[in-house]
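Letter by letter, the chains look like this.
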Amino acid sequence: MGMTRRRQAITERVPTTPRKVVVYTDNLMTSNSARSSTTNDSGKELADSLGETLNTALVISTSFRFDPELNMLEILDPYNPRNNIEVKGISNYKVSVKLFILPAASDVNNRPAPLYVKQALTCLKKQLGSVLIDEFFVSFADVPAQAGASGSQPQQPEPAKSQPANGSSSSSSSHSSSHSRSRSRSRQKGSQSAAGGEADEMRRFSKVWRMASRLRKEGDVAKIGICDVSRTQLEGLCEHTGVVPDMVQVRVDEAEEGAEQGAEQAGVEELRAFARQHGISLRTHSDSGVMLSNATFQALAADYKINERFPTTEVPPEGYKIDLMRPRWVANYSVTIRNRGLVANRGYIVMASSDCVLDPNRVSRSIYEN
């Protein structure tokens, strides 16, 4: 894989109705701005690389085309040519992918669409070639926050009680003990209810997780993993789908390491025990909690006039309008040379699309008919 930076012209037929767009960033291992950056925030790195690619592809040069297979506009960084892994040495490369399923990927039932997993795989193969993905992680942006160790809420300390002045300490002590036991039972029931809620909440991610399992079964990926789940959530997902991951990633927040590791550390230990029991590899990561917000993408789209450059000719039904594009998923990939341990290629692929939504400024026909 050469490190020479050569620009290629990719302009082809452009759709007149770009309801969907996918952006392929530059290779961050050779990008001048990425190499000079000192940020450790992956969300900022993504936004910066998106801005650089849009500037290079739409302002400095013309590097875009319409993909009829996916029915979407492709914006490609001309310095990051496709099929850049040499097939003759394919076994010498390790390909790792982390797919971030963003909140806008959910349907009307608040369930992420499994179509996006297959879509991301197609885009990855277009960029990297027909390679085996060694590790494929799925990260759901709106997984419920882990509550303590396994869904339990942190216990609050009991307030100190003063002894009554009339000397009836025995009666008061018995009464207090009864209330204490009652509160303990309530907390236990609340803990069980919270744990059950976490497990049930994972049902809505079942279709996406089964699709990831399908990629493993069909040989497109070797191992699948999930990110930032508690033991209860992972158990629920495995129970609902029958699919056990090969890997689990948990976030390491350096700012909170040390003193504030109580319930969080206990939760990691429970997850580690579950992983050990089922032969799951436990990994860590330091990715941003919010990889790409709607506002960040829409600001970039406005700065580089994506809607103006590629105006839609679609006419929405009466009372509806074409909404702003929202990012649905982000794929972060890296290609490592096995025998040297060097990262040869690393980049992002972002897919965004717009919906047909109710127009809040619509005017009813009845006004004109009366």
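In the block above lies the structure referred to throughout.
The rules behind these values
- Residues numbered from 1 in each chain as written.
- Predicted model: local features only at pLDDT ≥ 70, side-chain atom pairs only at ≥ 80, totals over all residues.
- Heavy atoms only, no water.
- Helix = DSSP H or I, 4+ residues; strand = E, 2+ residues; numbered from the N terminus.
- Buried < 20%, exposed > 50% of the residue type's maximum accessible area, 1.4 Å probe, protein only.
- Contact = heavy atoms within 4.5 Å.
- Areas by Shrake-Rupley, 256 points an atom, 1.4 Å probe, with all protein chains shown as cover.
- Arc of directions from axis to C-beta.

Caption draft 1: Region of the structure containing the overall build of the protein chain. Along the backbone of the protein chain there are 10 helices and 12 strands. Considering the protein chain as a whole, with its 370 residues, one finds that 43% of them fall into the buried category. Contacts in the protein chain between residues far apart in sequence, at least 24 positions, make up 79% of those at least 6 positions apart. On the protein chain, roughly 19,500 Å² of surface is accessible, and the fraction owed to carbon and sulfur atoms is 48%.

Caption draft 2: Structural detail: unusual backbone geometry. With a phi close to 55°, Asn71 is a non-glycine residue in the positive phi region. Structurally, Asn71 can be placed in the loop between β2 (64–67) and β3 (72–76). Its relative accessible area of 48% is what places Asn71 among the partly exposed residues. With a phi angle near 60°, Asn110 is a residue other than glycine that sits in the positive phi range.

Caption draft 3: View of helix α8 (residues 294–303). When we look at burial in α8, the residues that qualify are Phe297, Leu300 and Ala301. In an axial view of α8, the angular spread of the buried residues amounts to 100°, which keeps them on one side of the axis. Seen from the buried face of α8, the exposed residues on the opposite side, beyond 90 degrees, are Ala295, Ala302 and Asp303. Contact partners of the buried residues in α8: β1 (20–24), α2 (42–60), α9 (306–309), β10 (326–337) and β11 (342–353). Remark: Lys305 follows α8 within two positions and exhibits a positive phi of approximately 50°.

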